[in-house]
Amino acid sequence: MTKFYTHLVLIALVVIAGCGIGHAQITTPRGPSPQANVQQTIGLSTITVDYSRPSVRDREIYGTNLAHYGFQNLGFGTSTAAPWRAGANENTKITFSHDMTVEGKSIKAGTYGFFVAIAESGPSTVIFSNNSTAWGSFFYDESEDALRVEVATVAIPHKEALTFEFTEVTPTSTTLMLQWEKVGFPITIEVAVTDIVLANIRKSMQDQPGFNRQTWEQAAAYSMANGGDLDEALKWITGAQEGNFFSQKTFANTLTKAQILMAMEREADAMTAMDAALDTGTIFEVHQWGRTLIGAGKKDKALEVFQYNADKNEGTWPVHYGLARAYSAKGDFKNALAHLQKAHENAPNAASKGRVAANIAKLEKGEDIN
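As the structure is a prediction and not an experimental result, all values here were calculated from the model.

A. Structural view of the environment of aspartate 311. As for its position among the elements, aspartate 311 is in helix α8 (residues 299–312). Considered as a pair, aspartate 311 and valine 56 are 255 residues apart in the sequence and their alpha carbons are 73 Å apart.

B. Region of the structure containing the packing of aromatic side chains. Per the counting criterion, the structure on display carries 16 aromatic pairs. With a centroid separation of 5.6 Å and 90° between ring planes, the pair formed by phenylalanine 114 and phenylalanine 128 is classed as edge-to-face. One end of the pair, phenylalanine 114, is in strand β6 (residues 110–117); the other, phenylalanine 128, is in strand β7 (residues 124–129), with 14 residues separating them in the sequence. Looking at phenylalanine 128, the relative accessible area reads 1%, which means it is buried. For the ring pair tryptophan 216 and phenylalanine 246, a centre distance of 5.6 Å and an interplane angle of 55° mean the geometry is tilted. One end of the pair, tryptophan 216, is in helix α3 (residues 213–225); the other, phenylalanine 246, is in the loop between α4 (230–241) and α5 (251–263), with 30 residues separating them in the sequence.

C. Quick peek at unusual backbone geometry. Along the chain, tryptophan 317 connects to proline 318 via a cis peptide bond; the corresponding omega equals 10°. A positive phi angle is found at arginine 57, which is not glycine, with a value near 50°. One non-glycine residue, alanine 86, lies in the positive phi region at around 60°. If you trace the backbone, alanine 86 turns up in the loop between β2 (45–52) and β3 (93–96).

D. A look at the packing of helix α7 (residues 283–295) against α8. Two elements in contact, α7 and α8, have axes whose closest approach is 8 Å; the angle formed by their N-to-C orientations is 165°. In this view, α7 runs roughly antiparallel relative to α8, as classed from their interaxial angle. Judged by the twist between their axes, the crossing of α7 over α8 is left-handed. Residues Ile283, Val286, His287, Trp289, Gly290, Arg291, Leu293 and Ile294 of α7 lie in contact with α8, whose contacting residues are Lys301, Ala302, Val305, Phe306, Tyr308 and Asn309. Here the contact of α7 with α8 is composed, by residue class, of nine nonpolar, three polar and two charged.

E. Spotlight on the pairing of strand β1 (residues 35–42). Pairing between β1 and β2: eight bridges, direction antiparallel. Bridging from a neighbouring strand, alanine 36 pairs with tyrosine 51 of β2. Between β1 and β2, which pair antiparallel one after the other, the connecting turn spans two residues, and glycine 43 there sits at a positive phi close to 65°.

F. Spotlight on the pattern of salt bridges. Counted according to the given criterion, the structure contains ten salt bridges. Here arginine 266 ties to aspartate 269 by a salt bridge, and the two come within 3.0 Å at their closest N and O atoms. Look at arginine 266 and you get partly exposed, because its relative accessible area is 35%. By relative accessible area, which is 37% here, aspartate 269 ends up partly exposed. If you follow the salt bridges from partner to partner, you end up with Glu142, Asp145 and Arg148 in one network.

Scoring rules and cut-offs
- Residues numbered from 1 in each chain as written.
- Predicted model: local features only at pLDDT ≥ 70, side-chain atom pairs only at ≥ 80, totals over all residues.
- Heavy atoms only, no water.
- Helix = DSSP H or I, 4+ residues; strand = E, 2+ residues; numbered from the N terminus.
- Phe/Tyr/Trp six-rings, centres within 6.5 Å; stacked < 30°, edge-to-face > 60°.
- Buried < 20%, exposed > 50% of the residue type's maximum accessible area, 1.4 Å probe, protein only.
- Axes fitted to C-alpha atoms, helices over the stretch in contact; angles between N-to-C directions.
- Parallel < 35°, antiparallel > 145°, perpendicular 65-115°, else oblique.
- Left-handed = near helix turned anticlockwise from the far one by under 90°.
- Contact = heavy atoms within 4.5 Å.
- Nonpolar A, V, L, I, M, F, W, Y, C, P; charged D, E, K, R; others polar.
- Pairing = 2+ DSSP bridges.
- Salt bridge = Lys/Arg side-chain N within 4 Å of Asp/Glu carboxyl O.

What follows is the structure in structure tokens.
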């Protein structure tokens, strides 16, 4: 063997050895059904869908082997009654970060295989399976179902590539829509946002965030504003004011306490607390208390508070704006208009002047500005 060929053999052996050790591979696209994921946050919670996206490509879709009706034996795997895989390749997966409800039915936090038993007419069945790691629905087993819900399909504009989209979002819910060809499968998902946030607050208050007054104030305010336990909210705001090494009574936390007391129908206690704190409030804090009173229907008390603010801070923005709101709430549009005109004169910037001018126009049409 010549030195040249000996050299080539040695190079080949080195290359083969290197391949064996490193298992070298090249990365190529997956093909006509690329992977995708979509995520939506509701409150502190997330919903994530991982799937592959087949395209229509001028083919018949529903009622064919691409998206068959009902449950069928696909001729492979262990399932003899498989639903549609709702995508391509591996299981379509959906992950809920917290317990939620789907079409009004409870589902635990976790990752699930997502399948659809398509109905030729009438509602289709969306299935959440505890098996989220199989390939397609070839190994679907009804005994692994975590939840089934019925959804009515809707007609949609042509969607070439299969798509999951969160089409509607509210502070506590979303609509997840599976869309392909001209058919959509809308699924309503709801999240107990307040319960989740309050559970997170309780846990956080056992750690460093619980060692400062602001955390207790924020916890109380959130609970009160979002339908939480008012007794718990009152305990938190009281703890912010007294009894802890960080406690301090301020106008702001007294206002929060008063709002909680009013929600508990303890109006006399709320008024007593605020009357005692009134001298400590800034112009804007006292103004906010007056607006709170208007919102609670306490119009005479609101006028009293706004007048106090005006006497203490004569000619200062926004005392005339407050008096205008109080008189407007009582139906005295003449006095309200007079104070709004003064508020317009001493408004600090163009944006404030614009808001006052808009309210002047409302009063001139006989409309309450609150």
